[in-house]
Every structure is written in structure tokens, then in C-alpha cells.
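So you can see what is in the structure, the chains are spelled out below.
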Amino acid sequence: MKDHSKEFVELNEDVSASPLWNADLAPTSVEQRTWTTWNIAALWIGMSVVITTYMLGGGFIAQGMTWWQAMLTILLGNCIVLIPMVLNAHAGTKYGISFPVLLRASFGTKGANIPAILRAIVACGWFGIQTWIGGTAIDALLTAVWSGWAGIDAVIAGNPLHTWISFFLFWGIQVVIILRGIEGIKHLESWAAPLLLLGGLVLLFWASSAAGGLGNVLAGTAALQTSQASFWGIFPAALTASVGYWATLSLNIPDFTRYAKSQRSQMLGQALGLPLTMTAFAFIGVAVTSATVIIYGEAIADPVQLIKKFDNWAVILFAMVVIFVAQLSTNMAANVVSPSNDFSNLNPKRISYVTGGLITAVIGILMMPWQLLSSMGAYIFTWLIGYSGLMGAIGGILICDYWVIGKRRVELAELYKTDGVYTYHRGFNWRAITALVLAIAPVVPGFLRAATTPGGQISDPNYFDTIYTYAWFFTFGIAFVLYYLLMRTRS
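Residues numbered from 1 in each chain as written. Predicted model: local features only at pLDDT ≥ 70, side-chain atom pairs only at ≥ 80, totals over all residues. Heavy atoms only, no water.

## What to know about the overall build of the chain
Moving on, step 1. Scanning the chain for helices and strands turns up 23 helices and two strands.
Moving on, step 2. Rg of the C-alpha trace for the chain: 22 Å, near the compact-globule value of 23 Å for 491 residues, within the 12% margin.
Moving on, step 3. Structurally, the chain occupies a C-alpha span of about 70 × 50 × 50 Å along its principal axes.
Moving on, step 4. In the chain, of all internal contacts separated by at least 6 residues, the share reaching a separation of at least 24 is 85%. (Helix = DSSP H or I, 4+ residues; strand = E, 2+ residues; numbered from the N terminus. Rg over C-alpha atoms; globule rule 2.2 N^0.38 Å. Contact = heavy atoms within 4.5 Å.)

So this is what it looks like as C-alpha cells:
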């Protein structure tokens, strides 16, 4: 058996007294790096099989795409984002460091908090979105098994009281898992992945059988189009949204690959687990939604609402368990690990991983996820594309620093020193911060226009709107080049 320990760099200096160190942010030891190819692939299956993925392809079709155009767009977007995903993952696997610690190499020991908190805020928004959807699943299940549940009909902020109770119940379950730490997430993803794949296949089989075959279902996808926009007119924004969907994880993937057994495990696990699963589950969402037009005479894009149509208690229970696990596995991995580490990085001696997770859970509520999901247009054109501009700029700087400037070399102990090589000027590398600000600035006007336009789509796009459409690509390239040029001038 190949000895992968030679791929690893371990911390040989005691820096535990540093205010930049705590047990959660410390590099993993070789003994802690136990995640196999299956664990990494299962992580991606568990995160990809989720209701927001299920609804993504339908959102593209509604804007005017055909079903196969939507699938190719999603596949291409995930293949593109896989590249920075694997590149950023390398540092995590080699040095055993998490995302905010890796940021110290390029942004400085204090400056790292700027991109880390930007990433954390996006994760909090996603945490709230997935928690709201998981709460609606619990709400639908309780309504199906107990007729009196829907009788709790007082309305608060536009939603029934029973929906709010379900939301906070799901929120509380996740808080319990947060308290168990990262190993609990590893085991959750490993056993959840097969169940989620089975649930998706069962749903596709039912839809195809009930609607007269898969060919009949796909032929009916045209009924999902609510706009007749040209493919090339919406492709750039759809591709950016597809990349933006996982642009967040392309940054903080070291949070997971720091536990990988080898570089091969992280690369192969991600390649097998991400693009195919995302595309396959988005396809299931499109096919089943199209089938509902044939079966029920209306398009039901939300699987939670679809399940309410069933009258078999056992079927409802199985479906709700699958949805519950899907939301839980995605939220725990994608939207808790990163912000927990990011918040911990603000003050490592006072904020642990668990404390950071609890902060995430609270902010996730305050960001009002029911508003972020108010429409598919707002979800795609404001939320996904909007934050992709932030993530692209940070990713461009990270990759340029690690692969081009540093040539994959990081002084591990220096990352935890307040007076080391990564202190730069009082803890801030102003070159990285300058590159970040200048790269993001041109997409801000387009974001503001999209955010203040119902549905997020601008009918008369100007120069800045066009830049915004390519937000992730634009900010990634500009930040990469600016950071490289600024660092070359460093004395």
C-alpha cells in the first residue's frame, strides 16, 4: 500500500500559546486524515441531493431553456467550478489547514478575517434557506399524519404558526448536530448518500411510470417554460449561477480535505461526487416537475408540495424522511463547517468551532430565508449570481497566492504567529485587500439593479449589468491578475 504521509506537511513547532491558535484551527495530524475517496464523494452526494438542486434546472427552463440545454449548463458549470475546488483543496490536504487559516497566507493574519466573514455571511444565508425548506418538509409531514396540525392557523409574518414551529424544530435538530463537531458530519454524509440516491431514483421511476414513460415526460418539459427568451440570451447568467451555486465550497473545501487520506482521494472523490450528482438530481427535478403537468394538470416544482398530493401514509413518510435527510446533510456540511471556522478565526481563544456553529444558526434566522426564496428569479439572478462575484474574487487571490506566488509552499508555523512572515503590515496584506475591492467594485452596480428589479432580470441591460452577468468569471480573473501584479512589486 502506498505511503501517502509523504504528501503531508505536519506542524512541528508548538504555537499553541498564540492568540491565532485553537484546537479547531490547528492543522490536522496524519492520524486524523482518514477520509477516503468514498467519504469525499459521499460528502458531495449528500450536499448535492437537496431541494435547491432539484429546483435549479426547472428555474432555467422557466426562463426559456429546453431540458437538455438546462442540463448541459448545469454540468458545464459544475465542471468549471470543480477546477478551483480541486486547486484550493490541495493546500488543505497537504498542510492540514482550514480555509480561514489558508487565507492568512495571502490576506495576512488579521486581514484573513475580511474574506472569511464574507464567506461566512453567505453560508449563514444558505443555512437559513435550507433550514426553511427542511422546516416546510416537517410541516408537510405533520399535516399529512395529523389533521389537527394545520388547524394551528395563526399567521405570523405571512406564514402560518405551524410552519414557524416546524422551522424552529428543524433548526433545533441541527443545533444538536453542531454540538457533535466535524466527525458527526462525516458519518452523517456517509450513511445519507445511499439513501438520497435511492430516494431520487424512486421518485424518477414513479414519475416516469405515472406519466407514460420518460420520453413522454421529457417531451412535456416545454410546458414548464414561462418565458421565450433565447438560449444565448440567458446562458451566461445561467452558467454563472451554476458556478455560483458551489463557488462558496470552492473556497472553503480545505475545511474538509484537511482530513483526506491523500491528494488522490480528494481529487477523485470530488470529480466523482460533484458534477454528475448535481446534473443527475437536477434532471430528476426537471423530469418529475414535467410529469406533474401530465399527472395533475399543473407544474409542481417543489417536492414538498408534490408529496402532499399522495394519499399513502407510508409513501409520504418515506419521501419526507428522504427530504429531511437531504436538507440536513447539505446544511451540516455546506453551511455550518465553513462559517464555524470563519467565526472562530475572529478570536480563536474565545470562539470555538461549536460556538461559531451556534453563531451561524442564529444569523441564518436573522437573514430571513423566506425572503431569499421569494421567487426563482430572485434566487438565481440576485442570490446565486450576486454572491458569486464575492466568491470569485477571493478564489482568484487564493489560487494565485498558493499556486503562482507561493508555488504550493506554505510556512505552516508562520500562519499562527502574530509577528511572522504572514503578518505583513500590522496583520494585513493590503495588496490582497486592494485586489479584492477593485475586482468586486465593477459588479456592484449590476447587483444593485438586479436586487431592486422584481425577478432579478434586467430588460434593458447596460455595461455594468453585462459585467454582473459574468460576475464570478469577471471577479476571479481581475483579482487573480491584480494580486499577481501587486505582489510582484512587493519589496
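## Thoughts on the pattern of salt bridges
Moving on, step 1. Summed over all chains, the structure comprises five salt bridges.
Moving on, step 2. The closest approach of N and O atoms between Lys417 and Glu13, which form a salt bridge, is 3.2 Å. You can see Lys417 sitting in the loop between helix H19 (376-405) and helix H20 (430-440) and its partner Glu13 sitting in the segment before helix H1 (37-48), a full 404 residues away along the chain.
Moving on, step 3. Linked through salt bridges whose partners overlap, the residues forming this network are Glu13, Glu414 and Lys417. (Salt bridge = Lys/Arg side-chain N within 4 Å of Asp/Glu carboxyl O.)

## As for the packing of aromatic side chains
Moving on, step 1. What the rule picks out here adds up to 26 aromatic pairs.
Moving on, step 2. Relative to Phe235, the ring of Phe231 lies with its centre 5.2 Å away and its plane at 35°, an arrangement referred to as tilted. Separated by four residues within a single helix, Phe231 and Phe235 lie in helix H9 (residues 231-245), roughly one turn from each other. One exposure class covers both Phe231 and Phe235, and it is buried.
Moving on, step 3. One aromatic cluster is present, built from ring pairs that chain together Trp44, Trp126, Tyr245, Trp246 and Tyr387. (Phe/Tyr/Trp six-rings, centres within 6.5 Å; stacked < 30°, edge-to-face > 60°. Buried < 20%, exposed > 50% of the residue type's maximum accessible area, 1.4 Å probe, protein only.)

## Notes on the nonpolar core
Moving on, step 1. Counting residues in each nonpolar core, the largest one holds 144 residues, and the members touching the most others are Trp44, Trp246 and Leu415.
Moving on, step 2. If sequence neighbours within four positions are ignored, Trp246 has contacts with Trp44, Met47, Ser48, Asn78, Val81, Met85, Leu274, Met278 and Ala334. (Core = buried A, V, L, I, M, F, W, Y, C linked by side-chain atoms within 4.5 Å.)

## Points about the side chain of Asn335
Moving on, step 1. Positionally, Asn335 belongs in the loop between helix H15 (313-334) and helix H16 (337-346).
Moving on, step 2. A distance of 2.8 Å separates polar atoms of two side chains, one belonging to Asn335 and the other to Asn331.
Moving on, step 3. Ignoring anything within four residues of it in the chain, the contact list for Asn335 reads Ala123, Trp126, Phe127, Gln130, Thr330 and Thr360. (Polar contact = N/O pair within 3.5 Å; in protein donor to acceptor, adjacent residues only side chain to side chain.)

## Some remarks on the environment of Leu328
Moving on, step 1. As for its position among the elements, Leu328 is in helix H15.
Moving on, step 2. On the basis of relative accessibility, which here comes to 7%, the residue Leu328 falls in the buried class.
Moving on, step 3. Once the C-alpha coordinates of Leu328 and Ala192 are considered, the two residues, 136 residues apart in sequence, prove to be 9.4 Å apart.

## Overview of the packing of H16 against helix H17 (residues 353-366)
In helix packing, the relevant descriptors are the interaxial angle and the interaxial distance, both defined with respect to the helix axes.
Moving on, step 1. Close contact between H16 and H17 brings their axes to 7 Å; oriented N to C, the two are set at 115°. One finds that H16 runs roughly perpendicular with respect to H17. Classified by chirality, the crossing of H17 by H16 is right-handed. For the pair formed by H16 and H17, the contact residues are Val337, Pro339, Ser340, Asn341, Phe343 and Ser344 on the first element and Tyr353, Gly356, Gly357, Ile359, Thr360 and Ile363 on the second. (Axes fitted to C-alpha atoms, helices over the stretch in contact; angles between N-to-C directions. Parallel < 35°, antiparallel > 145°, perpendicular 65-115°, else oblique. Left-handed = near helix turned anticlockwise from the far one by under 90°.)

## Thoughts on helix H23 (residues 471-488)
Moving on, step 1. The end-to-end C-alpha separation of H23 is 26 Å, in line with the 26 Å expected for 18 residues at 1.5 Å each.
Moving on, step 2. All of the buried residues in H23 are Ala471, Trp472, Thr475, Phe476, Ala479, Tyr483 and Met487. One side of H23 holds all its buried residues, which, seen down the axis, span an arc of 115°. (Expected span 1.5 Å × (residues − 1). Arc of directions from axis to C-beta.)

## Observations regarding the side chain of Thr109
Moving on, step 1. When you line up the elements, Thr109 lands in the loop between helix H4 (99-107) and helix H5 (113-145).
Moving on, step 2. Under the relative-accessibility criterion, Thr109 is labelled buried at 6%.

## Observations concerning the packing of helix H6 (residues 161-178) against H17
Moving on, step 1. Two numbers describe how H6 lies on H17: the axes approach to 10 Å, and their chain directions differ by 165°. Regarding the angle of H6 to H17, the classification is roughly antiparallel. In the crossing of H6 with H17, the sense of the turn from one axis to the other is right-handed. Seen from H6, the contacting residues are Phe167, Phe168, Trp171, Val175 and Ile178; seen from H17, they are Tyr353, Val354, Gly357, Leu358, Ala361, Val362 and Ile365.

## Observations regarding H20
Moving on, step 1. Considered for burial, the residues of H20 that qualify are Ala432, Ile433, Ala435, Leu436, Ala439 and Ile440. On an axial view of H20, the arc spanned by its buried residues comes to 160°, and they lie on one face.

## Re unusual backbone geometry
Moving on, step 1. Of note in this structure, Lys407 is not a glycine but carries a positive phi near 55°.
Moving on, step 2. Positive phi outside glycine occurs at Arg408, with the angle close to 65°.
Moving on, step 3. Within the secondary structure, Arg408 is located in the loop between H19 and H20.

## Examining a nonpolar patch on the surface
Moving on, step 1. Residues Val145, Trp146, Trp313, Leu317 and Val321 make up a contiguous nonpolar surface patch of roughly 460 Å² in combined accessible area.
Moving on, step 2. No other element matches the three residues that H15 contributes to the nonpolar patch.
Moving on, step 3. Along the chain, Val145 falls in helix H5.
Moving on, step 4. The exposure class of Val145 is partly exposed, given its relative accessible area of 37%. (Patch = residues over 30% accessible without salt bridge, like charges linked within 9 Å, V, L, I, M, F, W, Y side chains within 5 Å. Areas by Shrake-Rupley, 256 points an atom, 1.4 Å probe, with all protein chains shown as cover.)

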